[in-house]
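Structure assessment
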Amino acid sequence: MKDDQNGAPRTMPIQSATFSNSVNAEIRRAAATGIYDIRGGGAKRKLPHFDDLLFLGASISRYPLEGYREKCETSVTLGTRFAKNPIQLDIPVTIAGMSFGALSGAAKEALGRGATMAGTSTTTGDGGMTEEERGHSNKLVYQYLPSRYGMNPDDLRRADAIEIVVGQGAKPGGGGMLLGQKISDRVAEMRNLPKGIDQRSACRHPDWTGPDDLEIKILELREITNWEKPIYIKVGGARPYFDTTLALKAGADVVVLDGMQGGTAATQDVFIEHVGQPILACIREAVRALQDLDMHREVQLIVSGGIRTGADVAKAMALGADAVAIGTAALIALGDNDPKWEAEYNALGTTAGAYDDWHEGQDPAGITTQDPELMKRFDPIEGGRRLNNYLKVMTLEAQTIARACGKNHLHNLEPEDLCALTMEAAAMAKIPLAGTDWYPGKPGTSY
Amino acid sequence: MQTFDLEAEGLRALNSTLHAQAANTNQTHWEIVNPKGSHAIAVGLDAPIEVDIKGSTGYYCAGMNKQAKVHVHGSVGPGTAENMMSGMVIVEGDASQYAGATGHGGTLVIKGNASSRCGISMKGIDIIVHGNIGHMSAFMAQSGNLVVCGDAGEALGDSLYEARLFVRGSVKSLGADCIEKEMRPEHIAILEELLKRGECDAKASEFKRYGSARELYTFKIDNAY
């Protein structure tokens, strides 16, 4: 930087932390267009997360299991409270609900293939059940959503479980949006709407409004399906203690809890980044609700929102979850945001890893699109193989950690196995700060 | 005719008995006594049978019905015939909120009044109401027909898609993107058939038609209020 005309050093230009380049760019974009930003994915801001927890491992006071030899079980049974036919999974990592419409039929098929090979379940989404998904998913959870697009009793009976979606982590309190670019003939027919128009999914259910109604709604669904199917209730990470309590009161077999890192096909960026809580802050509160009603493990808890590795799986389970669900990570395993499409991401004004305009239907990887030419790029068999590999790696990683903590089942991991790296994580997860026996809000302490 | 005492035998036995009826069953006519406002009566039926319910019901009576004709000789609670696929549901009395919600097909006839959110998110069902309907009816209604022989409450047809709304009486207010439309001969013909099916003696010429202005079909800033 040159000195000024008198030879004196200039003041160093400093970028504002408040008005950063990205903030300013968004202000300019808003000023130019007059419309808020819609995108897919979950919260991108840095949040307290599983990375802020560590396992302590075994030492003199804890006895580890041999890493490569001794058995460490991974199976989980979901829906043991009321359902005649609970779901048995080999691994506690499930595939979260993603719609046909948001994803191509081939991508749904790949999710089914990969999950089935790995011994776990997939989940439908807004828009109904496709043959690709039912045909390739050994265990399929059928979402019961406010829109009821494609909802019918035959598919309810073909499902292995029913998930009543009250909310999701990316947008607790918000409905869905599928823009017209992705409304192909097939999508339009399944949703009983005109081709090419923007489709809105309601933010609340049309025929029940509170927990008392929900209890009766669950009765109806159980009667229609002969009390065979586990009934899940999915909520976004808003008020996890009360939402879990009310879900239990309404008769849920399984509670699915989705933090703000959980993805969506499309909603307002301001919604994704500013509504809801990170999953780390939600798990212990949901577990507390289960324990207060003496239903921990009787009603299973599935958590989602930013699960990426076997370490995340193990940490979620140590905090009390019975299983986890992955969405964004599964799409990345299939090939979403792969750098091999970098030139095309650049042409769309983005870069690999940051691409989130899934709603526009121009996904270079051919996954979040209904464009026939782009869809040809995605091979569902190869996608299924990759997802299976990824699920296997996550499971092996979680087992490695569990053995190191002396646990012969992933479900035996417990909060006592963990410490927290930050005050925020300690407070949210109710895990002692590393090097202490204390966390903010710990009962019996004055802070 | 088979008679089923709901109070004595219970809901589970009722629904599993009705579900067990095959398409070629000889037991085609059932009478349910002592419903006493119970919920989820005759839900998920899938056979060409007739079910007469002698009294009033609670929530979700005849929910997700296929093929069956369910006749309620009383009033119904919320969500009657919700998500119906085919068949017919007739209510002699009044219906609480969400009647016919998200129905994909079939016919729902309400001979009394219907409360709020009648036909919410309907997807192909035909609903004929002899009396009045409450507020927010036909919200986000996608397809099918809603016939109201009396008056409609506030915000009729808010965020409507392609469903047709026929109202004989007054409409307290129209919801966003819902407008009155011309009643052409083809609409008169559709309405006459619906009135006949719904055992309603009103004249088609007395009705006005309402539908979507289709201004909300594409997301744009002027719609984001």
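Scroll up to find the structure this text is about.
Residues numbered from 1 in each chain as written. Chains lettered and ligands numbered in written order. Predicted model: local features only at pLDDT ≥ 70, side-chain atom pairs only at ≥ 80, totals over all residues.

**Considering the overall build of chain B**
Using the following cut-off: A run of H or I in DSSP counts as a helix once it spans at least four residues, and a run of E counts as a strand once it spans at least two, with each numbered from the N terminus. Atoms counted for the radius of gyration: C-alpha only. Globule rule: 2.2 Å times the number of residues to the power 0.38. Neighbour counting defines burial: a residue surrounded by 20 or more other C-beta atoms within 10 Å of its own C-beta is buried, one with 12 or fewer is exposed, and intermediate counts give partly exposed, using backbone-placed C-beta atoms. Note on contacts: residues are paired as contacts if their backbone-placed C-beta atoms lie within 7 Å.
If you tally the helices and strands in chain B, you get three helices and 11 strands. Element order for chain B, N to C, with α for helix and β for strand: β-α-α-β-β-β-β-β-β-β-β-β-α-β. For 225 residues, the compact-globule estimate of 2.2 N^0.38 gives 17 Å, and the C-alpha radius of gyration of chain B, at 18 Å, lies within 12% of that figure. Along the three orthogonal principal directions, the C-alpha set of chain B runs to about 55 × 35 × 30 Å. Within the span of chain B, comprising 225 residues, buried residues form 55% of the whole. For chain B, contacts bridging at least 24 residues in sequence account for 24% of all contacts bridging at least 6.

**Remarks on the overall build of chain A**
Per the secondary structure count, chain A includes 15 helices and 16 strands. For 447 residues, the compact-globule estimate of 2.2 N^0.38 gives 22 Å, and chain A sits close to it at 23 Å. Here the C-alpha coordinates of chain A stretch approximately 85 × 65 × 45 Å along the principal axes. Within the span of chain A, comprising 447 residues, buried residues form 55% of the whole.

**Re helix α6 (residues 211-224) of chain A**
Heads up, the rule is: Multiplying 1.5 Å by the helix residue count minus one yields the expected span of that helix.
Along its 14 residues, α6 of chain A runs 20 Å from first to last C-alpha, staying within 8% of the 20 Å computed at 1.5 Å per residue. Within α6 of chain A, 10 of the 14 residues are buried, which leaves the element mostly enclosed by the surrounding structure. By the burial criterion, the buried members of α6 of chain A are L214, I216, K217, I218, L219, E220, L221, R222, E223 and I224 of chain A. Tucked inside the fold, the buried residues of α6 of chain A contact α4 (153-158), β8 (161-165), β11 (231-236) and α7 (240-250) of chain A together with α2 (11-19) of chain B. A positive backbone phi angle near 60 degrees is found at N226 of chain A, which sits one or two residues after α6 of chain A.

**Here we look at the interface of chain B and chain A**
Formally: Charged means Asp, Glu, Lys or Arg here, nonpolar means Ala, Val, Leu, Ile, Met, Phe, Trp, Tyr, Cys or Pro, and polar covers whatever is left, Gly included.
Taken together, the contact between chain B and chain A spans 36 residues of the former and 22 residues of the latter. Of all the secondary-structure elements, those providing two or more residues to the side of chain B that touches chain A are α2 and β7 (123-129) of chain B. Of the residues assigned to the side of chain B that touches chain A, the class counts are 16 nonpolar, 14 polar and six charged.

**What about the sheet that holds strand β2 (residues 29-33) of chain B?**
Residue and element names in this part refer to chain B. What counts, and what does not: Whether two strands pair depends on DSSP finding at least two bridges between them. Angles shown run from 0 to 180 degrees and are taken between the N-to-C directions of axes, each axis being a line fitted to C-alpha atoms and, for helices, limited to the stretch in contact.
Read from one edge of the open sheet, 11 strands run β1-β2-β3-β4-β5-β6-β7-β8-β9-β11-β10, paired in mixed fashion. What marks the edges here is a single partner per strand, and that holds for β1 (2-5) and β10 (178-181). Across the sheet, the mean angle from the axis of one strand to that of its neighbour is 15 degrees, orientation sign disregarded. Where β7 meets strand β8 (residues 143-148), five bridges bridge the pair, whose relative direction is parallel. Following the sheet pairing, K123 is matched in β8 by S143. Taken strand by strand, helix α3 (residues 185-197) contacts β6 (107-110), β7, β8, β9 (164-167) and β11 (208-212), and its axis lies near 70 degrees from that of β8.

**Describing the nonpolar core**
Applied cut-off: Here, a nonpolar core denotes buried Ala, Val, Leu, Ile, Met, Phe, Trp, Tyr and Cys residues that are linked to one another through C-beta atoms within 7 Å. Delimitation of the domains relies on an automatic or database domain assignment.
In terms of nonpolar packing, the biggest core is built from 188 residues, with V324 of chain A together with V147 of chain B touching the most fellow members. Ranked by residue count, the leading element in this core is helix α9 (residues 279-292) of chain A, at nine residues. Each of two domains, domain 1 (1-72) and domain 2 (94-225) of chain B, supplies a minimum of three residues to this core. In contact with V324 of chain A, not counting residues within four places along its chain, are P92, V93, I302, V303, S304, I307, V313 and A316 of chain A. In this structure, A43, A170, M260 and I272 of chain A belong to the second largest nonpolar core, which totals five residues.

**Considerations on the sheet that holds strand β12 (residues 254-258) of chain A**
All names here are of chain A. Taking strand neighbours across the sheet as the criterion, the eight strands line up as β5-β15-β14-β12-β11-β8-β7-β6 in an open arrangement whose pairing is parallel. With one partner strand each, in any of the chains shown, β5 (93-95) and β6 (121-123) form the two edges of the open sheet. Within this sheet the neighbouring strands show an average axis-to-axis angle of 30 degrees, counted without direction. When β6 meets strand β7 (residues 139-144), the two strands line up parallel, connected through three bridges. Residue pairing for β7: T123 is matched across the bridge by V141. Against the sheet, α9 contacts β12 and β14 (300-304), and its axis sits at roughly 170 degrees relative to β14.

**A short note on the pairing of β2 of chain B**
Residues and elements named next belong to chain B. The alternating pattern of β2 places W30 and I32 on a buried face, while none of H29, E31 and V33, on the opposite face, is buried. Here four bridges tie β1 to β2, and the two strands are oriented parallel to one another. Its bridge partner being in β2, Q2 is matched across the sheet by W30. Two strands pair when backbone bridges link them, and β2 and strand β3 (residues 50-54) are joined in this way by five bridges, in the parallel orientation. Bridged to V33 within β3 is K54.

**Quick word on unusual backbone geometry**
Residues and elements named next belong to chain B. The phi dihedral of Q67 is positive, around 70 degrees, even though this residue is not glycine. Here the phi dihedral of Y98 falls at roughly 60 degrees; this positive angle occurs in a residue that is not glycine. Since 31 C-beta atoms lie within 10 Å of it, Y98 is described here as buried.

**Here's the deal with the pairing of strand β4 (residues 69-72) of chain B**
Residues and elements named next belong to chain B. Across four bridges, β3 lies against β4 in parallel orientation. In the sheet register, D52 faces β4, and the bridge partner there is H71. For β4 and strand β5 (residues 88-91), the ladder comprises four bridges, and the chain directions are parallel. When the bridges of β5 are listed, H71 appears paired with I90.

**A look at the environment of G10 of chain B**
Tracing the chain through its elements places G10 of chain B in the loop between α1 (6-9) and α2. For the pair G10 of chain B and S38 of chain B, spaced 28 residues apart in the sequence, the C-alpha separation amounts to 9.8 Å.

**Considering helix α10 (residues 310-318) of chain A**
Residue and element names in this part refer to chain A. Burial analysis of α10 places eight of its nine residues in the buried class, which makes it a mostly covered element. The complete set of buried residues in α10 reads G310, D312, V313, A314, K315, A316, M317 and A318. Just beyond α10, the residue with positive phi is G320, at close to 125 degrees.

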